[in-house]
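Listed here are the chains, written in short residue letters.
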Amino acid sequence: MMESVAEQTLSFPNVSVTYSEEAELVRKALIDAGLETPLTAKQLTRDEKYERIREAMTDVVDALGLDLTDDSLCETPHRIAKMYVDEIFSGLDYSQFPKITAIENKMGVEEMVKVSDISLVSTCEHHFVTIDGVAKVAYIPGDKIIGLSKINRIVRFFAQRPQVQERLTQQVLLALQTLLETEHVAVRIDASHYCVKARGVMDASSVTQTTALGGKFKHNATSRKEFLDA
(Lines give C-alpha, C1' and ligand atoms only; values in the text may rest on other atoms or scores of the structure.)
Protein backbone atom coordinates (compact mmCIF):
# COMPACT_ATOMS: atom_id res chain seq x y z
CA MET A 1 0.00 0.00 0.00
CA MET A 2 1.40 3.38 -0.98
CA GLU A 3 2.09 6.00 1.65
CA SER A 4 -0.76 8.53 1.59
CA VAL A 5 0.87 11.68 0.31
CA ALA A 6 -0.24 14.36 -2.08
CA GLU A 7 2.51 13.83 -4.65
CA GLN A 8 5.17 11.34 -5.66
CA THR A 9 8.51 12.44 -7.12
CA LEU A 10 10.28 10.00 -9.43
CA SER A 11 13.86 10.49 -10.56
CA PHE A 12 14.92 9.49 -14.07
CA PRO A 13 18.51 9.69 -15.36
CA ASN A 14 18.19 13.34 -16.40
CA VAL A 15 15.02 14.75 -14.85
CA SER A 16 12.83 14.50 -11.74
CA VAL A 17 9.10 14.23 -12.38
CA THR A 18 6.40 14.92 -9.81
CA TYR A 19 3.12 13.03 -10.12
CA SER A 20 -0.01 13.10 -8.02
CA GLU A 21 -0.63 10.07 -5.84
CA GLU A 22 -3.56 9.08 -8.07
CA ALA A 23 -1.42 9.31 -11.20
CA GLU A 24 1.27 7.14 -9.67
CA LEU A 25 -1.26 4.54 -8.51
CA VAL A 26 -2.64 4.32 -12.05
CA ARG A 27 0.81 4.25 -13.65
CA LYS A 28 1.97 1.40 -11.40
CA ALA A 29 -1.23 -0.57 -12.00
CA LEU A 30 -0.76 -0.30 -15.77
CA ILE A 31 2.87 -1.37 -15.56
CA ASP A 32 2.00 -4.34 -13.35
CA ALA A 33 -0.72 -5.41 -15.79
CA GLY A 34 1.49 -4.98 -18.85
CA LEU A 35 -0.82 -2.28 -20.19
CA GLU A 36 1.39 0.79 -19.99
CA THR A 37 2.24 2.50 -23.27
CA PRO A 38 5.74 1.32 -24.29
CA LEU A 39 8.13 3.95 -22.92
CA THR A 40 11.89 4.16 -22.55
CA ALA A 41 13.55 5.01 -19.25
CA LYS A 42 14.86 8.21 -20.82
CA GLN A 43 12.59 11.13 -19.94
CA LEU A 44 13.15 14.59 -21.41
CA THR A 45 11.83 17.87 -20.12
CA ARG A 46 9.04 19.59 -22.03
CA ASP A 47 11.49 22.02 -23.67
CA GLU A 48 13.92 19.25 -24.61
CA LYS A 49 11.11 17.32 -26.28
CA TYR A 50 9.95 20.41 -28.12
CA GLU A 51 13.42 21.25 -29.44
CA ARG A 52 14.23 17.73 -30.62
CA ILE A 53 10.90 17.34 -32.39
CA ARG A 54 11.18 20.79 -33.99
CA GLU A 55 14.61 19.92 -35.37
CA ALA A 56 13.41 16.52 -36.61
CA MET A 57 10.36 17.99 -38.33
CA THR A 58 12.56 20.58 -40.00
CA ASP A 59 14.44 17.68 -41.57
CA VAL A 60 11.19 15.94 -42.56
CA VAL A 61 9.73 19.02 -44.23
CA ASP A 62 13.03 19.68 -45.99
CA ALA A 63 13.27 16.04 -47.15
CA LEU A 64 9.84 16.39 -48.76
CA GLY A 65 11.22 19.20 -50.86
CA LEU A 66 9.14 21.94 -49.29
CA ASP A 67 10.50 25.45 -49.02
CA LEU A 68 10.90 26.39 -45.35
CA THR A 69 11.55 30.00 -46.26
CA ASP A 70 7.95 30.34 -47.49
CA ASP A 71 5.80 32.27 -45.03
CA SER A 72 3.19 29.48 -44.99
CA LEU A 73 5.74 26.78 -44.11
CA CYS A 74 8.42 28.48 -42.03
CA GLU A 75 6.62 27.89 -38.72
CA THR A 76 5.46 24.34 -39.52
CA PRO A 77 8.19 22.50 -37.53
CA HIS A 78 7.47 24.75 -34.54
CA ARG A 79 3.71 24.16 -34.80
CA ILE A 80 4.10 20.39 -35.04
CA ALA A 81 6.53 20.22 -32.10
CA LYS A 82 4.28 22.34 -29.90
CA MET A 83 1.21 20.31 -30.92
CA TYR A 84 2.93 16.99 -30.18
CA VAL A 85 4.28 17.97 -26.77
CA ASP A 86 1.49 20.18 -25.40
CA GLU A 87 -1.60 18.73 -27.05
CA ILE A 88 -2.00 15.45 -28.88
CA PHE A 89 0.71 13.55 -26.95
CA SER A 90 0.36 15.31 -23.59
CA GLY A 91 -1.06 12.08 -22.11
CA LEU A 92 2.46 10.65 -22.04
CA ASP A 93 3.22 13.04 -19.18
CA TYR A 94 1.72 11.83 -15.88
CA SER A 95 2.20 15.27 -14.38
CA GLN A 96 -0.74 16.18 -16.65
CA PHE A 97 -2.95 13.42 -15.22
CA PRO A 98 -6.34 14.92 -14.35
CA LYS A 99 -6.97 15.81 -10.74
CA ILE A 100 -9.22 13.05 -9.46
CA THR A 101 -11.08 12.97 -6.16
CA ALA A 102 -13.04 9.83 -5.43
CA ILE A 103 -15.51 10.55 -2.63
CA GLU A 104 -17.37 8.35 -0.18
CA ASN A 105 -20.55 6.82 -1.57
CA LYS A 106 -22.70 8.39 1.15
CA MET A 107 -25.85 8.14 -0.98
CA GLY A 108 -25.51 4.40 -1.16
CA VAL A 109 -25.63 4.26 -4.96
CA GLU A 110 -25.80 0.63 -6.03
CA GLU A 111 -26.90 0.79 -9.66
CA MET A 112 -24.83 1.40 -12.78
CA VAL A 113 -23.46 4.89 -13.40
CA LYS A 114 -22.84 5.40 -17.11
CA VAL A 115 -21.42 8.19 -19.28
CA SER A 116 -22.11 7.81 -23.00
CA ASP A 117 -20.92 9.58 -26.14
CA ILE A 118 -17.59 10.72 -24.72
CA SER A 119 -15.83 12.20 -27.73
CA LEU A 120 -12.20 11.23 -28.16
CA VAL A 121 -9.44 11.99 -30.61
CA SER A 122 -6.30 9.89 -30.44
CA THR A 123 -3.37 9.03 -32.69
CA CYS A 124 -2.53 5.68 -34.24
CA GLU A 125 0.94 4.70 -33.02
CA HIS A 126 1.66 2.82 -36.27
CA HIS A 127 1.23 5.74 -38.67
CA PHE A 128 0.76 8.81 -36.41
CA VAL A 129 -2.60 9.66 -37.96
CA THR A 130 -5.93 10.34 -36.27
CA ILE A 131 -8.25 7.97 -34.43
CA ASP A 132 -11.65 9.63 -34.06
CA GLY A 133 -14.40 8.12 -31.97
CA VAL A 134 -16.65 7.97 -28.93
CA ALA A 135 -16.43 6.09 -25.65
CA LYS A 136 -19.02 4.73 -23.28
CA VAL A 137 -17.95 4.12 -19.68
CA ALA A 138 -19.87 2.67 -16.75
CA TYR A 139 -19.23 1.51 -13.23
CA ILE A 140 -21.19 0.06 -10.33
CA PRO A 141 -20.18 1.99 -7.19
CA GLY A 142 -18.78 0.33 -4.13
CA ASP A 143 -17.50 2.54 -1.33
CA LYS A 144 -16.49 5.36 -3.72
CA ILE A 145 -17.97 7.48 -6.48
CA ILE A 146 -16.30 9.90 -8.84
CA GLY A 147 -17.32 13.18 -10.46
CA LEU A 148 -18.80 12.45 -13.88
CA SER A 149 -16.54 14.88 -15.75
CA LYS A 150 -13.52 13.05 -14.34
CA ILE A 151 -14.44 10.01 -16.43
CA ASN A 152 -14.29 12.14 -19.59
CA ARG A 153 -10.94 13.56 -18.49
CA ILE A 154 -9.44 10.11 -17.92
CA VAL A 155 -10.56 9.00 -21.39
CA ARG A 156 -9.02 12.12 -22.88
CA PHE A 157 -5.75 11.69 -20.97
CA PHE A 158 -5.13 8.20 -22.31
CA ALA A 159 -6.34 9.17 -25.78
CA GLN A 160 -3.66 11.87 -25.94
CA ARG A 161 -0.92 9.36 -26.68
CA PRO A 162 0.23 7.30 -29.63
CA GLN A 163 -2.25 4.46 -29.22
CA VAL A 164 -3.81 1.26 -30.38
CA GLN A 165 -7.52 1.18 -29.62
CA GLU A 166 -7.38 -2.11 -27.75
CA ARG A 167 -4.80 -0.77 -25.28
CA LEU A 168 -6.62 2.53 -24.87
CA THR A 169 -9.80 0.70 -23.89
CA GLN A 170 -7.98 -1.42 -21.32
CA GLN A 171 -6.08 1.56 -19.90
CA VAL A 172 -9.28 3.47 -19.20
CA LEU A 173 -10.79 0.37 -17.57
CA LEU A 174 -7.84 -0.29 -15.27
CA ALA A 175 -7.40 3.38 -14.36
CA LEU A 176 -11.00 3.60 -13.16
CA GLN A 177 -10.83 0.26 -11.37
CA THR A 178 -7.74 1.50 -9.53
CA LEU A 179 -9.16 4.89 -8.60
CA LEU A 180 -12.62 3.61 -7.62
CA GLU A 181 -11.29 0.46 -5.93
CA THR A 182 -13.85 -1.71 -7.70
CA GLU A 183 -13.69 -4.32 -10.46
CA HIS A 184 -17.15 -3.36 -11.72
CA VAL A 185 -16.15 -1.11 -14.62
CA ALA A 186 -16.97 -1.32 -18.33
CA VAL A 187 -15.58 0.58 -21.32
CA ARG A 188 -16.54 0.54 -24.98
CA ILE A 189 -14.92 2.59 -27.74
CA ASP A 190 -16.21 3.00 -31.30
CA ALA A 191 -13.73 4.74 -33.56
CA SER A 192 -12.68 5.48 -37.13
CA HIS A 193 -9.01 5.07 -37.94
CA TYR A 194 -7.49 7.37 -40.50
CA CYS A 195 -4.74 4.83 -41.18
CA VAL A 196 -7.62 2.80 -42.67
CA LYS A 197 -9.67 5.73 -43.92
CA ALA A 198 -7.04 7.91 -45.58
CA ARG A 199 -4.37 5.40 -46.68
CA GLY A 200 -3.95 1.73 -47.50
CA VAL A 201 -7.37 0.19 -48.09
CA MET A 202 -8.96 3.69 -47.91
CA ASP A 203 -12.20 2.45 -46.35
CA ALA A 204 -14.01 5.61 -45.27
CA SER A 205 -16.98 4.00 -43.54
CA SER A 206 -15.68 1.23 -41.27
CA VAL A 207 -15.77 1.62 -37.49
CA THR A 208 -13.71 -0.38 -34.98
CA GLN A 209 -15.36 -1.36 -31.70
CA THR A 210 -13.43 -2.50 -28.63
CA THR A 211 -14.81 -3.46 -25.23
CA ALA A 212 -13.20 -4.02 -21.84
CA LEU A 213 -15.33 -5.47 -19.05
CA GLY A 214 -14.62 -6.07 -15.40
CA GLY A 215 -16.43 -7.58 -12.43
CA LYS A 216 -20.20 -7.89 -12.84
CA PHE A 217 -20.02 -6.49 -16.38
CA LYS A 218 -17.85 -9.43 -17.36
CA HIS A 219 -19.49 -12.21 -15.38
CA ASN A 220 -23.14 -11.16 -15.06
CA ALA A 221 -25.10 -11.42 -18.31
CA THR A 222 -27.75 -8.93 -17.17
CA SER A 223 -25.24 -6.22 -16.24
CA ARG A 224 -23.28 -6.84 -19.44
CA LYS A 225 -26.40 -6.56 -21.59
CA GLU A 226 -27.55 -3.41 -19.77
CA PHE A 227 -24.22 -1.73 -20.55
CA LEU A 228 -23.80 -2.92 -24.11
CA ASP A 229 -27.40 -2.42 -25.27
CA ALA A 230 -28.16 0.97 -23.73
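Every value quoted in this text rests on a predicted model; they were computed, and no experiment measured them. (Residues numbered from 1 in each chain as written. Predicted model: local features only at pLDDT ≥ 70, side-chain atom pairs only at ≥ 80, totals over all residues. Heavy atoms only, no water.)

**Q** I'm lost on the overall build of the protein in this one. Help?
**A** The secondary structure content of the protein amounts to 8 helices and 9 strands. Counting every atom, the protein has about 12,800 Å² of accessible surface; 50% of that belongs to carbon and sulfur. The centroid of the 26 positive side-chain charges in the protein is displaced by 4 Å from the centroid of its 34 negative side-chain charges. (Helix = DSSP H or I, 4+ residues; strand = E, 2+ residues; numbered from the N terminus. Areas by Shrake-Rupley, 256 points an atom, 1.4 Å probe, with all protein chains shown as cover. Lys, Arg positive; Asp, Glu negative; His and termini not counted. Charge placed at Lys NZ, Arg CZ, Asp CG, Glu CD.)

**Q** Would you mind going over the pattern of salt bridges with me for this structure?
**A** Two side chains bearing opposite charge may form a pair once their charged atoms approach each other closely. Applying the stated rule across the entire model yields 9 salt bridges. Between Asp86 and Arg46 there is a salt bridge, and its shortest N-O distance comes to 2.7 Å. Here Asp86 is found in helix H3 (residues 76-88), whereas its partner Arg46 is found in helix H2 (residues 46-63), with 40 residues between them in sequence. The partly exposed category is assigned to Asp86, whose relative accessible area is 33%. Since its relative accessible area comes to 36%, Arg46 is described here as partly exposed. Between Glu181 and Lys144 there is a salt bridge, and its shortest N-O distance comes to 2.9 Å. A residue pair is termed long-range when its members are at least 10 positions apart, and Glu181 in the loop between helix H5 (165-180) and strand E8 (185-193) and Lys144 in strand E6 (residues 144-146) qualify at 37 residues. Under the relative-accessibility criterion, Glu181 is labelled exposed at 58%. Where salt bridges share partners, they join Arg46, Asp47 and Asp86 into one cluster. (Salt bridge = Lys/Arg side-chain N within 4 Å of Asp/Glu carboxyl O. Buried < 20%, exposed > 50% of the residue type's maximum accessible area, 1.4 Å probe, protein only.)

**Q** Please clarify how the UniProt feature "domain: GTP cyclohydrolase I" (unreviewed entry) in the protein should be interpreted in this entry.
**A** Listed under "domain: GTP cyclohydrolase I" (unreviewed entry) in the UniProt record, and renumbered for this structure, are residues 53-229. The distance from the first to the last C-alpha atom of residues 53-229 is 44 Å, and the span holds 39% helix and 25% strand. (UniProt positions renumbered as here; feature names shortened; annotations may be inferred.)

**Q** Honestly, the nonpolar core in this entry has me stumped. Any pointers?
**A** Soluble globular proteins tend to bury their nonpolar side chains together. The biggest cluster of nonpolar side chains holds 40 residues, and the ones touching the most others in it are Phe97, Phe158 and Leu176. Mapped onto this core, the elements with two or more residues apiece are helix H1 (21-33), strand E4 (113-124), strand E5 (130-139), E6, helix H4 (148-159), H5 and E8. Mapping this core onto the domain boundaries places at least three of its residues in each of domain 1 (21-36 + 44-92) and domain 2 (100-229). Counting 7 residues, the second-largest nonpolar core is a separate cluster that includes Met112, Ala138, Ala186 and Leu213. (Core = buried A, V, L, I, M, F, W, Y, C linked by side-chain atoms within 4.5 Å. Domains from an automatic or database assignment.)

**Q** Sorry, what's going on with the side chain of His193 here?
**A** Mapped onto the elements of the fold, His193 is located in strand E8. If sequence neighbours within four positions are ignored, His193 has contacts with Thr130, Ile131, Gln165 and Thr208. (Contact = heavy atoms within 4.5 Å.)

**Q** Where do I start with the packing of H1 against H5 in this structure?
**A** Each pair of packed helices gets described by two things: the angle between the helix axes and the distance between those axes. Where H1 contacts H5, the axes come no closer than 9 Å and their chain directions differ by 125°. One element, H1, and the other, H5, form an angle in the oblique class. You can see that H1 and H5 cross each other, and the crossing is right-handed. Every residue of H5 that contacts H1 at Glu22, Leu25, Val26, Ala29, Leu30 and Ala33 is listed here: Gln171, Leu174, Ala175, Thr178 and Leu179. (Axes fitted to C-alpha atoms, helices over the stretch in contact; angles between N-to-C directions. Parallel < 35°, antiparallel > 145°, perpendicular 65-115°, else oblique. Left-handed = near helix turned anticlockwise from the far one by under 90°.)

**Q** Even after reading the chapter, I still don't get the UniProt feature "binding site: Zn(2+)" (unreviewed entry) in the protein, so can you show me in this structure?
**A** When the UniProt feature table is mapped onto this chain, "binding site: Zn(2+)" (unreviewed entry) is found at Cys124, His127 and Cys195. A compact arrangement is adopted by the annotated residues: their sequence extent is 72 residues, whereas the largest C-alpha distance between any two is 7.3 Å. As for its position among the elements, His127 is in the loop between E4 and E5. Apart from residues no more than four positions distant in its own chain, His127 is found in contact with Cys195 and Arg199.

**Q** Sorry if this is basic, but what is going on with the sheet that holds strand E9 (residues 208-213) here?
**A** Each strand in a sheet pairs with another by means of backbone hydrogen bonds, the pair being arranged parallel or else antiparallel. Reading across from one edge, E7-E4-E5-E8-E9 is the order of the 5 strands in this open sheet, with mixed pairing throughout. In this open sheet, the two strands that pair with only one neighbour each are strand E7 (162-163) and E9. Sheet strands in contact with H5 are E4, E5, E7, E8 and E9, and its direction is about 155° off that of E8. (Pairing = 2+ DSSP bridges.)

**Q** Can you help me understand the packing of H2 against H3 in this one?
**A** In contact at an axis separation of 8 Å, H2 and H3 are set at 140° when each is read in the N-to-C sense. Here H2 lies oblique to H3, going by the angle between them. Where H2 crosses over H3, the handedness of that crossing is right-handed. In this structure, H2 contributes Arg46, Lys49, Tyr50, Ile53, Arg54, Met57, Thr58 and Val61 to the contact, and H3 contributes Thr76, Pro77, His78, Ile80, Ala81, Lys82, Tyr84, Val85 and Asp86. A breakdown of the residues in the contact of H2 with H3 according to their chemical character gives 9 nonpolar, 3 polar and 5 charged. (Nonpolar A, V, L, I, M, F, W, Y, C, P; charged D, E, K, R; others polar.)

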